[in-house]
Amino acid sequence: MLRSALRNVLAHKARLLMTVLAVMLGVAFVSGTLVFTDTLNQAFRNQTAKSYDDVAVGITSYVDTSDPSQKSGLDEKTLDKISAVDGVASVTGRVSGFAGVPDKDGKLIGAGWSNKGSNFAPAKDGKDPQYDFVQGEGPTAAGQIALDKDTADKGQYKVGDTVRVATEGPVKEYTLQGVFTTDDGAVNAGGSLVLFDTATAQKQFTRPGFFQEATVIAASGADDKKILDAVEPLLPDNTEAKTGQELADRQAEDIEKGLGAFNQILLGFAGIALFVGVFLIANTFTMLVAQRTKEVALMRAVGASRGQITRSVLAEAFLVGLIASAAGLALGIGLAVGLRSLMNAFELKVPGGPLVVTATPVIAALTVGILITMVAAFLPGLRASRIAPVAAMNSAHAAPTQKSLIVRNIIGGVFAGVGAAVIVLGAVQGEALGRALIAFGAFLTLIGVILLIPLLSRPVIALLRPLFVSVFGVSGKLAGLNAVRNPRRTGATASALAIGLTLVTGLSVLGVTVGASLEKMTTEQIRADYMVVTASGRPLDGSTVDALAKVPGVTAVSPQQDSYFQVKDDFVPVAGVNGADIDQLVKVETVEGDLGSLAQGKIAITEKTAAKKGWKVGDSLPVTFQDEKKAELSVGAVVKESDMLFGDALIDTKVVEQHDPRPRITAVYVNTDGGESAANEKALIDALGENPALVVMDKQAIKDQFGGAINIMLNIMYGLLGMALLIAVLGVINTLAMSVFERQQEIGMLRAIGLDRRRVKRMIRLEAVVISLFGAIVGIVLGVFLGWAIGETIKAGLPDYSLVLPWDRIGIFLLLAGLVGVLAAMWPARSAARLNMLNAIKAE
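Residues numbered from 1 in each chain as written. Predicted model: local features only at pLDDT ≥ 70, side-chain atom pairs only at ≥ 80, totals over all residues. Heavy atoms only, no water.

1. So, the overall build of the chain
Of the regular secondary structure elements, the chain holds 27 helices and 23 strands. With respect to the principal axes defined by its C-alpha atoms, the chain has extents near 95 × 75 × 50 Å. Here the chain holds 844 residues, and the buried ones make up 50% of them. Within the chain, contacts between residues separated by at least 24 positions form 82% of all contacts whose residues are at least 6 apart in sequence. Separation of charge centres in the chain, based on 78 positive and 79 negative side chains, amounts to 18 Å. (Helix = DSSP H or I, 4+ residues; strand = E, 2+ residues; numbered from the N terminus. Buried < 20%, exposed > 50% of the residue type's maximum accessible area, 1.4 Å probe, protein only. Contact = heavy atoms within 4.5 Å. Lys, Arg positive; Asp, Glu negative; His and termini not counted. Charge placed at Lys NZ, Arg CZ, Asp CG, Glu CD.)

Following this line, the structure appears as structure tokens:
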């Protein structure tokens, strides 16, 4: 039986090719993911270990030393005490914060969040061990900086140039003193690193004399643990010290956790691709078994048991799975190399190091590939073993019994009905529990639809058939009839496409609906012509508001300042605004009182807060501000909750800034005379000193900011699901190729009675299009249902939420499904058209 299995694999190489490709692609996704993450993990671990090689103790201060009210912290006196500890060779203090530089066009180099500034801390030899200078030297005086090499190259800067540097304050000019290379994470993430002398860096990021971190280097032979024990008593409150080895281990653990989440996401999509591949594999073995009915019957007649027949099919599946897994592993290793290069191409630098191929991806590749193939081939093998020898000898192709289809439809109906009910229940329940119910219901529904899909094929294809007959005549009619000739086969082929399009459509419906809701929210809520924010996401400096207010043509300006005050034991988050202008810039719906009372020093509370606290217009509230000063504030208005102004109350910035020396301004809203225009935008940019770290956004840019992340997410999801759709395409090719082989005699007869080669090709192509469209329709309907259900669980957080069906994308999906059918049918259609009529008629 084993020799028979091997002979069958060798005899049907071409027919098993698509199965091998399907398994290979899924296995490549799995093994590539594992090899890629193992390689990244090892590279980052090595880099981390290297950065802590010479560090005996690392010290981190959690005190906000940029706040003048903080009297303690990691200061120079503390570092001097640590330097005097026995066994300490040197102590280096570090500070860091946001700093960015523009390119020659004035645009910020880097993504904002990955732009960093720090201090150059030279040792006695004048060098800082963290940085290797390739040009010039480190900054040692005010007015000097150094740049990482990548940033210098992008900005076309060379030593001696004047460079404009943006921090959280106004832009300043510095002389470029040197260019260096580094393994700093900010640079590896595609950002920039600006080095200042220590005194300048402290003024920018903390305050003179204070540090955020320090590294202790041990003398030769000194014990790190003993140094740590001696250092800890010298440290101020809210400061932590760890040995270099402990810090390296912690960072390696954090890296592993981060990559683990990334790993799980990629493996999830690999699982989807393999699940889709199961249908292709099962379809292939079902057709192979059907085509070898007489052979199986003869084996049964000469003494082969049912178990031997099943094991023979499983042995074939094992061999196919083994070959596909080995090829998939090789492809996966190549994929890992490609992903690494792709990250570098997108300026996401990966530390150098060898490709890591451990036993895990090898075992996973072989196990997953072989197991998936054998599981998918089990039912076809079981069916083969149940064919009676005499009945099989009398029939070339045994059709499934009516009883088996009825049982399948009943089971499918139960699964689909229960799953749909659970999905609806989840939509009604909402929130996290509702989404968990929807996930479970989606699984049940998907299983039910897969079981029901042969039953669904007849009515759905019957709706499509008149269109094909009216346009393509006889070829269209034959294609429609052929598509439903074997509902099981059509259903299995369409299922693969349906699963992929269910996920794609569901994500599209959800993404487009959420994007439309956010766009509607910004359109209705923001009345300002412009919004100014930082590229880094950090708070704006207070001078930004003053600079914008002085611009000629500005008619209204208001900051959005996050603050709070305390009423008895309750902390109340508030949004500080310009009370005189806010109503012109952001929609604030007044329920009671007068919003203009903000300018008189009163507060406006939200409707929910008023109901919860029992406050009303005219009440006087005893409040305690951040500086512990007390005051009485009168409620001047009750307003609806705003989607843009966060907090339980609104207060004029003139009131709150008296008690908050370091205001946290997240955005500034501006109206200009004449509205949006290139001249007005340039005036605002000029007033801000052409600061590359500040972003002036018009209304369209504001919409894009909210919707851009959703579009990026959707594009990533489309790309990851592309593997599943590619496997579905292979399924269509496989089905058609085997269908043509089975129908050689029929095609020969059609050719003999006058159906020319052109119409034979058209018939096969249309059959593929019908099957593809059928799978697409099922997937789109199910995807819309799931998208609606998930949307119901999140609509509470989006007041303007309403379901939006992306008809344009749905139309594209249908067109792509049709195109898939046309492309998939090219080889089978060509094969069918080239059949010799006489040989085909004689074929069994």
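After presenting the structure, the write-up continues.
2. A look at the packing of aromatic side chains
Applying the stated criterion to the full structure yields nine aromatic pairs. Relative to F180, the ring of F133 lies with its centre 5.6 Å away and its plane at 55°, an arrangement referred to as tilted. Of this pair, F133 sits in strand β6 (residues 132–136) while F180 sits in strand β9 (residues 172–181), and the two are 47 residues apart along the sequence. The class of F133 is partly exposed, set by a relative accessible area of 26%. With a relative accessible area of 0%, F180 lands in the buried category. Each member of the aromatic cluster is reached from another via a ring pair, and the members are F120, Y131, F133 and F180. Above the plane of the ring of F210 lies R207, whose end atom (NZ or CZ) is 4.1 Å from the centre. (Phe/Tyr/Trp six-rings, centres within 6.5 Å; stacked < 30°, edge-to-face > 60°. Lys NZ or Arg CZ within 6 Å of the ring centre and 35° of its normal.)

3. Describing the nonpolar core
In globular proteins that are soluble, nonpolar side chains generally tend to be buried together. In terms of nonpolar packing, the biggest core is built from 52 residues, with V276, F468, I727 and F774 touching the most fellow members. Breaking this core down by element, the ones donating at least two residues are α2 (13–51), α8 (244–291), α14 (431–472), α15 (474–483), α16 (487–525), α22 (699–742), α24 (757–794) and α25 (807–824). With eleven residues, α24 is the largest single contributor of residues to this core. Not counting residues within four places of it along the chain, the set of residues in contact with I727 comprises A22, L25, G26, A273, V276, G277 and L280. (Core = buried A, V, L, I, M, F, W, Y, C linked by side-chain atoms within 4.5 Å.)

4. Quick look at helix α23 (residues 744–752)
Regarding α23, the residues found buried are Q744, I747, G748, L750 and R751. The buried side chains of α23 occupy one side of the element, clustering within an arc of 160° when seen end-on. Just beyond α23, the residue with positive phi is G754, at close to 120°. (Arc of directions from axis to C-beta.)

5. Structural notes on α15
Counting buried positions along α15 yields seven of ten residues, so the element is predominantly enclosed. Looking at α15, one finds that the buried residues are S475, G476, L478, A479, G480, N482 and A483. For α15, the secondary structure elements touched by its buried residues are α14, α16, α23 and α24.

6. Topic: the pattern of salt bridges
Following the criterion strictly, the structure yields 13 salt bridges and no others. The shortest N-O distance in the salt bridge between R759 and D756 comes to 3.7 Å. The class for R759 is partly exposed, based on a relative accessible area of 28%. Owing to a relative accessible area of 29%, D756 belongs among the partly exposed residues under this scheme. (Salt bridge = Lys/Arg side-chain N within 4 Å of Asp/Glu carboxyl O.)

7. Some words on the environment of L507
Along the polypeptide, L507 turns up in helix α16. Separated by 132 residues in sequence, L507 and V375 place their C-alpha atoms 29 Å apart. For L507, the residues in contact, after removing those within four places along its chain, are L714, M717 and L721.

8. Notes on the sheet that holds strand β1 (residues 57–61)
Pairing within the open sheet is antiparallel, and its four strands lie in the order β3-β12-β1-β13. Across the chains shown, the open sheet's two edge strands, defined by having one partner strand only, are β3 (88–94) and β13 (239–243). Averaged over all adjacent pairs, the angle separating strand axes in this sheet is 15°, with direction ignored. Strand direction decides the pairing type here: β3 and strand β12 (residues 213–218), joined by six bridges, are antiparallel. Bridging from a neighbouring strand, V88 pairs with A218 of β12. The sheet strands contacting helix α3 (residues 76–83) are β1, β3 and β12, and the helix crosses β3 at an angle near 160°. (Pairing = 2+ DSSP bridges. Axes fitted to C-alpha atoms, helices over the stretch in contact; angles between N-to-C directions.)

9. Remarks on the packing of α16 against α24
Between α16 and α24, whose axes approach to 6 Å, the crossing angle comes to 35°. As α16 packs across α24, the resulting crossing turns out to be right-handed. Grouping the constituent residues of the contact of α16 with α24 by class yields 18 nonpolar, eleven polar and no charged. (Left-handed = near helix turned anticlockwise from the far one by under 90°. Nonpolar A, V, L, I, M, F, W, Y, C, P; charged D, E, K, R; others polar.)

10. Some words on the pairing of strand β8 (residues 162–165)
Of the two faces of β8, only the one carrying V163 and V165 is buried; T162 and R164 on the other face are not. Two elements, β8 and β9, share four bridges in a ladder whose sense is antiparallel. Bridge assignment links T162 to a residue of β9, and that residue is T175. The turn joining β8 and β9, which pair antiparallel and follow one another in sequence, is formed by six residues.

11. Quick look at the side chain of Q144
Here Q144 shows up in strand β7 (residues 144–148). Polar side-chain contacts of Q144 include one of 3.0 Å to the backbone nitrogen of T140. Here Q144 is in contact with G138, P139, Y174, T175, Q177, L195, F196 and D197, once residues within four sequence places are set aside. (Polar contact = N/O pair within 3.5 Å; in protein donor to acceptor, adjacent residues only side chain to side chain.)

12. So, the pairing of β9
Here four bridges tie β6 to β9, and the two strands are oriented antiparallel to one another. The residue of β9 that forms the bridge with G136 is G178. In terms of strand pairing, β7 meets β9 through five bridges, oriented parallel. Within β9, the position partnered with I145 by the bridge is L176.

13. Section: a nonpolar patch on the surface
Nonpolar side chains collect at one region of the surface, where I812, L816, L819, V822, L823 and M826 lie side by side and expose about 540 Å² of accessible area between them. Ranked by the residues each element gives to the nonpolar patch, the list is headed by α25, at five residues. In this fold, L823 is placed in helix α25. (Patch = residues over 30% accessible without salt bridge, like charges linked within 9 Å, V, L, I, M, F, W, Y side chains within 5 Å. Areas by Shrake-Rupley, 256 points an atom, 1.4 Å probe, with all protein chains shown as cover.)

The values are spatial; any link to function lies outside them.
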